[in-house]
Each structure stands twice: as C-alpha cells, then as structure tokens.
Amino acid sequence: MGFQHLRKPIPSSQDAKGDELYDIAKCGRFGRPLFAAMLQPDQDCKRMLELTSDAAKETEGKFKICNVPLRSILGRILLSSEDYSKDKNAVASVLATRVQLGIASFDFITKSTAKGYAMLVDFRGGEHKQHPDAFGIAGITFPPDPVCAALAMGVMQESWSVCSSTSSDTDVINGKEASFWVRKAGLVFDRRLFLPDRGDAGEVLATLYMLLCGDVLRHQKDGFMRKFEIDCDAWISLLRQEKENGEEKEKENNGEEKKLRTCPRIAKLGSQQKTTSSTFPQAVRLNFIQVCRNYFRSQAWFNEDYLRFLYDTACANYVYANCPAIDLVFPVKYNDKFHPALVSVKCWDTIGGVDMQNALEAMKKYLADYRPDGAAKAICMVVVVGFRKAYGVIPEDQGQFPTEDTFITVAVPESDKFGVSDAISKRATVSRRAEMLASHSFAHVENQECALRSNLVSMDFDFGKNLLKDKAKEVLTDKVLPKEG
C-alpha cells in the first residue's frame, strides 16, 4: 500500500513506551498508511496510539481499554451509531471489516464510505447519454487493516470494551457475544443488505466461524485481544468441537443417520483433544484476524514473500472467482518459514465421506498443476459446514507436516459453539420450500417421490409430497396462505 518507509522495526520494550499494544502495533504498520504513521515512534519513543499500563484495566473478568484514538477509530467503524446493536449498517460494518460479505446495498455503501473506513474503488453513474438505461454502480472494499480488524475482533467479545477516559464511562463501547454476530450475519443476507460475491452465505459464515474459533484462543491469551498469533493444532481441534451442553451422548443413540456428526473426531470435547493423528508440531502458528479478497490470478500464495506479508498483516485471502479447488488462503509459520494453508469450503445439505475425499483429491491436483517446483509444503483443509444429513466416514488426516503436504477434513458440528450451522440450516430450509413452490405447476405430472430432494427436513418433505399428490390447493391454503377469519 506504499509508505514502505513506515514499515520499520518497532523498538524493543526497553526503548519504547506503550508496548502494551502488542500485535496491534506490530501488524498495524502493514495496513492503512494513516495508522502506520500513527504507530511510528517519535523522537521520545512514544506512540500516538499508546496503551499505557494504567489505561488497560481488568475487573472481574471484564477487559476495558481506555484510549482516545482507539475509541475514536472504533466509533468510526460503527458509523457513529449510538446503539450499534440495533443499527444494521453498523453491525454490517463490523462484519465486513473482518470478513468480505459480498455485493453491498446502496444504503450501506453510502454510509460506510461517508462515515466508516470503506474505500470507494469504482463508480459508474447510470442514465448517461451513451447508456440511458444503465444502472449506477459503486464498488467498495475493506483493505487489510489490522488496527480496524483488531477493534472489530474486540467488539465480538462480550467481556471486552473500550472508552476514552478512565474517569468516565459515558462513551464506553461494549462488545457482544460471538453468537450475536453470527445471528446478525444471517440477517444481513436475509434482508439483502449484502449478496455474497462468491458462492452462498454459507461460505461467509464458515469463514466467520474460523475467525471466531481463533478469537476463543486469542481471548485465552489476552482478554484485551491484542495478541493475534495462535497455535494451529489447538485451532483445528476447536473447529471440530461441539458446544459443551451434554448433547454428544444423546446423538450417539440416534442411529446411522447421525454417524458422521457423532464421529469422535468431531464430537469429543476437552483440552486433551488435538488433531487425531498429532498432525502438527506445536511450533506451527497461524496469524489472521480478517479475510480480504485478492482478485489477482497469479497463485501468489506459493511465494514466501506473499505469505510473509499476509502473516505480518494478520490477514487471510479469499481467492479469485472460479479458482480451482480452493476458496481461502492463509499462511502458517513454522521455525521462521512460511507455508500456505489452502481451504475449500463445502456448504452442502447432504455430504458423504466420498464427497470429502473427492474435494481433497481436487486439492492434490491443484497443487500438482499450479505449485512451482521447490515451493513450500502446504496444508490443505476441507471445511464442511451446514450439513443436515451425512453418511460414510470422514477421511483420515494425511501427511506429516512440514515435511509433507498435509490434508485434513473439518466437519463443523451441528451444535457448534456459535450457532453457525443452525444459521445456515435455517436459511437453506426457506430456499427448499421456495423451490417446490416455484415448480408446483409441474406437480400434477410428477408421479414419483424421488422428484424431491433427498435431504429435505421432514416438514418440507411432507409439504413436497402433498404437492406431488396433486393437493396443491390444500397445501397452499393450509401452509402458505393465511386462513380466513
């Protein structure tokens, strides 16, 4: 982004004050040039964005940062909203700061560029002489910005807050629990504030899930959310965990249909559960707190300089549209060497072990086709989320990192910690009902139940079966149209 002279090593803690910023200071120099300049130490080795030891306070498990610049920056991220929890645009601004949401509404584009940190990258007005019927188009982006991402990450923690002064709580901004943001992300798409740019909303929610699992580990290290780097092995283990509510035992008795979801590699809880084959050494680390899109087609994630920049920026990338086999890239670090982690997200209602293995094979072919000779070994992940029916078994982890390419599968549990699977399933149910209603004119000439999707929930299956029995009038009257009186 230019301003290379700003990207100088931060002085050691013996030479500089305010090093309580930790990774916000270290990574912030690689983001927005304004914040990079503010994070440069002056002649007295003080920083403008200084967190002093008496300005970050922990009280009864609550973590409050009292800092004028950070409070001001977060206020702008929230579009100066007085109650961001009730402002759909403010909520969307926080979400978009961390994970790319897609095609935005005109209302959000206007407010996020005028009051927030979104950057306008394209504008083509409609109704001009050459194309009088054309619509106006505006394009915005949220570039890699570790300072904004860190504050957006903080506000996704219920125990976190920021204010301007230690003597007053009138301007405090309190965080919300992670499940709140998952619910709001679903509503953002339901209300058409955003339309996903790549795939469906499930891929965006899956990415948010990966970020939130990382946040759990970051919060354990530092309640003020200033330390970004986490252990890769612990993160993958957390991706596979269900919430701790005793549901695991009940599901094991529900028959073969639930076999995949109750596989021990997904359902078992506890700090002792790591990846089942101890795939990763403890020194393997990852460091991303936001996901931005890279539209370039160069497969640059096999270049160590590119991976280093992503790591320094605490950023992951959505890859370009129609990139074969993968959706997301982030770097991992092992003994000062960087390796690419390639992710394929599968948001399917029904999935089997064969489907997962096919996705892994596609990633192997991608490496063979696109990775240059001599490039670093890769971690390849298939992340399955939002499924309601599953069969077969999950493929075993393959390869011993970092000497071999490593292939792993993560099936996000039905009862995950943040309600992501539930949010996806609710939206999928609506679309299945809509499909049947859109096709109801052909129901009278269909005579087989196999015309219906095999993965419908029972309520939607009964609905479709009645349509096929030529009972459209009764179905529409009883299920869709309001009853008279």
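Computed from a predicted model, the values in this text were never measured in an experiment.

Draft legend 1. Representation of the overall build of the protein within the structure. A count of helical and extended segments in the protein gives 16 helices and 18 strands. Counting the 485 residues in the protein, one finds 51% classified as buried. Accessible surface for the protein amounts to roughly 22,900 Å². Of this, 50% is attributable to carbon and sulfur atoms.

Draft legend 2. Just the layout of surface pockets, in detail. Size it by volume and the largest pocket reaches roughly 700 Å³. Residue lining of the largest pocket: 31 residues in total, with Q100, I140, T141, F142 and Y295 positioned closest to the centre. Grouping the amino acids of the lining of the largest pocket by side-chain chemistry returns 21 nonpolar, 8 polar and 2 charged.

Draft legend 3. Expanded view of the pattern of salt bridges. Within this structure, the stated rule accounts for 16 salt bridges. With a closest N to O distance of 3.0 Å, D222 and R226 form a salt bridge. Measuring nitrogen to oxygen at the nearest pair gives 3.4 Å for the salt bridge that ties R240 to D397. Here R240, found in the loop between α9 (232-239) and α10 (247-252), pairs with D397, found in the loop between β17 (389-391) and β18 (406-411); they are 157 residues apart in sequence, far enough to count as distant. Each of R98, D215 and R218 takes part in salt bridges that share partners, so that together they form one network.

Draft legend 4. Highlighting the environment of V383. Locating V383 in the fold gives a position in strand β16 (residues 379-384). When its relative accessible area of 2% is taken as the criterion, V383 is described as buried. Spatially, the C-alpha atom of V383 lies 4.8 Å from that of V410, the residues being 27 residues apart in sequence. Non-local contacts of V383, meaning those with residues more than four positions away in its chain, are made with M210, V343, S344, V345, K346, V410 and V412.

Draft legend 5. The nonpolar core, seen in detail. Core analysis: the biggest nonpolar cluster contains 100 residues, and L95, W181, F194, W235, F330, V332 and M381 have the highest contact counts within it. Counting residues per element, this core draws most heavily on helix α8 (residues 201-221), which supplies 11 residues. Setting aside residues up to four positions removed in sequence, M381 forms contacts with W235, L239, F330, L342, V343, S344, M363, I408 and V410. One finds V319, I326, F407 and A411 within the second-largest nonpolar core, a separate group that totals 32 residues.

Draft legend 6. A look at unusual backbone geometry. A cis geometry characterises the amide bond from F401 onward to P402, with omega recorded as 10 degrees. Along the chain, the position of P402 falls in the loop between β17 and β18. Here A325, not a glycine, exhibits a phi torsion of approximately 80 degrees, which is positive. Its location among the elements puts A325 in the loop between β12 (315-318) and β13 (328-334). Its identity as a non-glycine residue notwithstanding, D336 has a phi of 70 degrees, on the positive side.

Draft legend 7. View of the environment of S105. The residue S105 is located in the loop between β3 (103-104) and α5 (106-114) in this model. A sequence separation of 16 residues divides S105 from N89, and the C-alpha atoms of the two residues are 9.9 Å apart. In this structure S105 touches R192 and L193, once residues within four positions along its chain are discounted.

Draft legend 8. A look at the sheet that holds strand β2 (residues 62-66). With mixed pairing, the 4 strands of this open sheet are ordered in space as β1-β2-β6-β7. The sheet is open, and its two edges are formed by β1 (56-59) and β7 (173-174), each paired on a single side. Here 4 bridges tie β2 to strand β6 (residues 160-163), and the two strands are oriented parallel to one another. Among the inter-strand pairings, I65 is bridged to a residue of β6, identified as V162. The sheet contacts of helix α3 (residues 68-77) involve β2, β6 and β7, and relative to β6 the element is tilted by about 110 degrees.

Draft legend 9. Representation of the pairing of β13 in the model. Counting buried positions along β13 yields 5 of 7 residues, so the element is predominantly enclosed. Pairing between strand β10 (residues 285-286) and β13: 2 bridges, direction antiparallel. From the neighbouring strand, R285 faces β13, where its bridge partner is K333. In this structure, β12 lies alongside β13, joined through 2 bridges in antiparallel fashion. Paired with Y318 across the bridge in β13 is L328. Two elements, β13 and strand β14 (residues 337-346), share 7 bridges in a ladder whose sense is antiparallel. Its bridge partner being in β14, P331 is matched across the sheet by P340.

Draft legend 10. Representation of the state of the cysteines in the model. In the structure shown here, the tally under the stated rule is 0 disulfides. A disulfide-free cysteine, C66 has its sulfur positioned 3.2 Å from the sulfur of C163, the nearest such atom. Residue C66 is classed as buried on the basis of its relative accessible area of 8%.

Draft legend 11. The arrangement of the packing of helix α4 (residues 88-98) against helix α7 (residues 178-190) in detail. Contact pair α4 / α7: the axes reach a minimum separation of 10 Å and the direction vectors enclose 105 degrees. When the axis of α4 is compared with that of α7, the two are roughly perpendicular. Of the residues in α7, those in contact with V91, A92, V94 and L95 of α4 are F180, W181, K184, A185 and V188. Partitioning the contact of α4 with α7 into residue classes produces 8 nonpolar, no polar and 1 charged.

Draft legend 12. Expanded view of the packing of aromatic side chains. Under the criterion given, the structure shown has 14 aromatic pairs. The interplanar angle of 85 degrees and the centroid separation of 5.5 Å between the aromatic rings of W235 and F330 together place this pair among those described as edge-to-face. Linking W235 in helix α9 with F330 in strand β13, this pair joins segments that are 95 residues apart in sequence. Taken individually, W235 and F330 each receive the classification buried, so the pair is uniform in this respect. What links up through ring pairs into an aromatic cluster is the set Y84, F180 and W181.

What counts and how
Residues numbered from 1 in each chain as written. Predicted model: local features only at pLDDT ≥ 70, side-chain atom pairs only at ≥ 80, totals over all residues. Heavy atoms only, no water. Helix = DSSP H or I, 4+ residues; strand = E, 2+ residues; numbered from the N terminus. Buried < 20%, exposed > 50% of the residue type's maximum accessible area, 1.4 Å probe, protein only. Areas by Shrake-Rupley, 256 points an atom, 1.4 Å probe, with all protein chains shown as cover. 1 Å grid on protein atoms, 1.4 Å probe; cavity = no way out; pocket = protein on both sides within 12 Å on 5 of 7 lines; lining within 4 Å. Points joined across faces, edges and corners; volume = space filled by probe spheres on them. Nonpolar A, V, L, I, M, F, W, Y, C, P; charged D, E, K, R; others polar. Salt bridge = Lys/Arg side-chain N within 4 Å of Asp/Glu carboxyl O. Contact = heavy atoms within 4.5 Å. Core = buried A, V, L, I, M, F, W, Y, C linked by side-chain atoms within 4.5 Å. Pairing = 2+ DSSP bridges. Axes fitted to C-alpha atoms, helices over the stretch in contact; angles between N-to-C directions. Disulfide = S-S within 2.5 Å. Parallel < 35°, antiparallel > 145°, perpendicular 65-115°, else oblique. Phe/Tyr/Trp six-rings, centres within 6.5 Å; stacked < 30°, edge-to-face > 60°.

Function cannot be read off these values alone, since they describe shape.
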